[in-house]
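Coordinates in review
Listed below, chain by chain, are the residues.
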Amino acid sequence: MLLGRIEKDGNRLPGAIEERKKLLYLNNEENYLFQIAEQAAIKAEEEGRLYDCILLYQLSEEYETVISLVIKLLGEFLVSIDINISIDDLLNKNNNNINNNVGNDSTFLSLKNDDINIISLSLKLIKLYNNSIEISNKVSIKSKEVLSVLLEIYEIRKEFNKYNPNLIKILNKLENLNLLPINFTRTIELEEIRKLSIEFNSINESIAKNIPNLLIISMKCISQLIFDLNQGLISESILIDSSNNSVLVNSTKDEKIIKLRQISRNLMIYSGMLQYKMPRNVYTTLINIEVNI
């Protein structure tokens with residue numbers, strides 16, 4: 001390649017221009033190459049070729065721009081997939097095509113546009129940027145946090161779509177995101193919910209787009225847990241997740257149900273505050289779930 005290539009570890013290898021810099025009489029070939037790559041990236045972005053942008057911006061070492069584009073793509077990808085569809089199953093269906101197209105090429109971002117696995121790309125990127133001090137210093141903490149939150153949303157979706165999902169684990173993860181009014185250890189006041197709804201306006205757009213789906217997932221988990229408790233399918237003495245983190249410890253079945261219903265009410269209050277900022281069908285879906293809680 002003329003401009004170079006990006007290895008799977010994120011390092012840039014010199015291209016033909018850089019290797020022949022003396023023949024081309026380039027005094028500052030690095031800036032020259034970065035300018036070419038950056039202009040090509042801008043052109044690709046204007047034409048909507050976002051995956052080409054990522055590669056070109058990575059070549060020009062515009063790491064903040066790279067992570068911003070990945071955040072945008074990952075956020076749009078997550079929200080575009082129905083919550084009842086397994087993201088991993090969807091991606092695995094494309095694996096054969098990917099393997100056939102790329103062969104043994106393991107370079108960073110080596111896949112064709114249509115075959116890019118945005119989940120895999122995001123995981124590689126956050127690992128690369130966190131492990132490289134040089135790159136990490138050129139990327140804002142906020143951007144890394146946003147990408148991490150989106151990847152956690154993916155993990156929640158992944159667990160939710162399992163044949164036998166750990167509903168408590170999902171609710172724990174949702175609580176830890178601090179995006180929804182979920183708290184198993186204390187009562188959340190109305191003012192806190194109102195504050196969350198105001199903060200929604202300043203949340204990164206890629207995260208905000210996924211909050212409606214998180215609300216539906218939360219309510220579905222609560223609805224199923226209450227059903228399981230009423231049917232005696234869950235131990236009345238304790239509910240634990242796979243990490244052995246206790247939830248609703250040493251409470252009776254009725255106390256558990258009361259707590260879960262309290263959380264569902266908080267979620268519905270929050271949803272009501274946001275209903276005109278979400279797709280029209282979301283609030284209706286939540287109301288239909290609430291009927292069975």
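All of these numbers come straight from a predicted model, not from anything done at the bench.

Parameters at a glance
Residues numbered from 1 in each chain as written. Predicted model: local features only at pLDDT ≥ 70, side-chain atom pairs only at ≥ 80, totals over all residues. Heavy atoms only, no water. Helix = DSSP H or I, 4+ residues; strand = E, 2+ residues; numbered from the N terminus. Buried < 20%, exposed > 50% of the residue type's maximum accessible area, 1.4 Å probe, protein only. Contact = heavy atoms within 4.5 Å. Areas by Shrake-Rupley, 256 points an atom, 1.4 Å probe, with all protein chains shown as cover. Phe/Tyr/Trp six-rings, centres within 6.5 Å; stacked < 30°, edge-to-face > 60°. Expected span 1.5 Å × (residues − 1). Polar contact = N/O pair within 3.5 Å; in protein donor to acceptor, adjacent residues only side chain to side chain. Patch = residues over 30% accessible without salt bridge, like charges linked within 9 Å, V, L, I, M, F, W, Y side chains within 5 Å. Salt bridge = Lys/Arg side-chain N within 4 Å of Asp/Glu carboxyl O.

A word on the overall build of the protein. Along the backbone of the protein there are 15 helices and four strands. The proportion of buried residues among the 293 residues of the protein is 45%. In the protein, the share of contacts with a sequence separation of at least 24, taken over all contacts with a separation of at least 6, comes to 63%. With the model as given, the accessible surface of the protein reaches about 15,900 Å², and the carbon-plus-sulfur share is 47%.

Applying the stated criterion to the full structure yields one aromatic pair. Ring centres 5.7 Å apart and planes at 75° place the aromatic pair Y63 and Y129 in the edge-to-face group. In this pair, Y63 sits in helix α4 (residues 63-80) while Y129 sits in helix α7 (residues 118-131), placing the two residues 66 residues apart along the sequence. In this structure Y63 comes out as buried when scored by relative accessible area, which is 8%. Its relative accessible area of 0% is what places Y129 among the buried residues.

Along the chain, P279 turns up in the loop between α14 (253-274) and α15 (280-290). Exposure remark for P279: the relative accessible area of 46% places this residue in the partly exposed category. Separated by 67 residues in sequence, P279 and P212 place their C-alpha atoms 7.9 Å apart.

Right, let's get into α7. In a regular helix each residue adds 1.5 Å, so 14 residues correspond to 20 Å; α7 covers 20 Å between its end C-alpha atoms and thus fits that length. When we look at burial in α7, the residues that qualify are I118, I119, L121, S122, L125, I126, L128 and Y129. For α7, the N-terminal cap is N117; the gap from its side-chain oxygen to the backbone nitrogen of I119 is 3.0 Å.

Right, let's get into a nonpolar patch on the surface. Together, L190, I269 and M273 make up a nonpolar patch on the protein surface, roughly 220 Å² of accessible area in all. Inspection of the secondary structure puts L190 in helix α11 (residues 190-199).

Moving on, we come to the pattern of salt bridges. Inspection of every chain in the model, using the stated rule, returns nine salt bridges. The residue E159 makes a salt bridge to K162 at a minimum N-O spacing of 2.9 Å. Residue E159 is classed as buried on the basis of its relative accessible area, which comes to 7%. Residues R186 and E192 are paired through a salt bridge, measuring 2.8 Å at the closest nitrogen-oxygen approach. When salt bridges with common partners are traced through the structure, they connect E76, E205 and K209 into a single cluster.

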